[in-house]
Amino acid sequence: LTEREAPGEGTAASRGFQVILQKTNERYLAPGVSERLLLRDLLFVLQGCEGQYVKKDPNTGLFFLDPRVSAAAPVRDCIAPLSELGYLYTMICAGMNKSSGYGAYEGLVFQAFNQWLKDQLTEYYKLVALLESSLTPQLCSGERWMGMEVPPEGGLTLRRLAVWVQEP
């Protein structure tokens, strides 16, 4: 590698690896359900909204992959923790909104904790925005996006999303 080439960018080996990884991911999905659409739905879930393929149970509030979508076990295993994160996000936001109306919880400790939660949610929103921005060019892969040709390789995958969200 030269100084100008970062690992994983632009080398023939990394492009080949990315193509193999993409084909492996697509092999586990049912025909008609692309990984990109599942990723878009999972980004909705991270914000507490259901999507086209990932639904929300109205009774429990848990997110789940629509039973009509046939996906292999590795894909379902990858979606499950991300769905749980969407549920936890929904519960935290609901708890913050619910507790803001009670006079008994207006002490300094509670206010400090509430502010800390808001700060943590701000960081979470930044992560979701970063993930969404890495998916946006991929949705237009092979086309022109903002005046530039978008390369078909690279971008966000289910595995990358799972790893990125699990990082501390």
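Residues numbered from 1 in each chain as written. Predicted model: local features only at pLDDT ≥ 70, side-chain atom pairs only at ≥ 80, totals over all residues. Heavy atoms only, no water.

Notes on the nonpolar core
- The biggest cluster of nonpolar side chains holds 31 residues, and the ones touching the most others in it are Leu38, Leu42, Leu46, Leu65, Leu131 and Leu161.
- Secondary structure elements with two or more residues in this core: helix 2 (35-45), strand 2 (63-65), helix 3 (73-99), helix 4 (108-139) and helix 5 (158-166).
- The element contributing the most residues to this core is helix 3, with seven residues.
- With near-sequence residues (within four places) excluded, Leu46 lies in contact with Leu82, Leu85, Gly86, Tyr89, Tyr124, Val128, Leu131, Leu161 and Val165. (Core = buried A, V, L, I, M, F, W, Y, C linked by side-chain atoms within 4.5 Å. Buried < 20%, exposed > 50% of the residue type's maximum accessible area, 1.4 Å probe, protein only. Helix = DSSP H or I, 4+ residues; strand = E, 2+ residues; numbered from the N terminus. Contact = heavy atoms within 4.5 Å.)

Observations concerning the confidence of the model for the protein
- Scored by pLDDT, the protein has a mean of 74; 65% of the residues are at 70 or more.
- By mean pLDDT, strand 4 (residues 148-149) is the weakest element of the protein at 41, and strand 1 (residues 54-56) is the strongest at 91.
- pLDDT under 50 marks residues 1-9. Its contacts with residues more than four places away, or in other chains, come to six contacts.
- Predicted confidence for residues 143-152 stays below pLDDT 50, and this span has 16 contacts to residues more than four positions away or in other chains. (pLDDT = per-residue confidence, 0-100.)

Overview of the packing of aromatic side chains
- In this structure the tally under the stated criterion is four aromatic pairs.
- With a centroid separation of 6.1 Å and an interplanar angle of 75 degrees, the aromatic rings of Tyr89 and Tyr125 are classed as edge-to-face. One end of the pair, Tyr89, is in helix 3; the other, Tyr125, is in helix 4, with 36 residues separating them in the sequence.
- Connected via pairs of aromatic rings, a cluster forms that spans Tyr89, Tyr124 and Tyr125. (Phe/Tyr/Trp six-rings, centres within 6.5 Å; stacked < 30°, edge-to-face > 60°.)

Things to note about the pattern of salt bridges
- All told, the structure shown has three salt bridges when counted by the stated rule.
- Ionic pairing is found between Lys126 and Glu123, a salt bridge with its closest N-O pair at 3.4 Å. Here Glu123 and Lys126 lie together in helix 4, a separation of three residues that amounts to about one turn. (Salt bridge = Lys/Arg side-chain N within 4 Å of Asp/Glu carboxyl O.)

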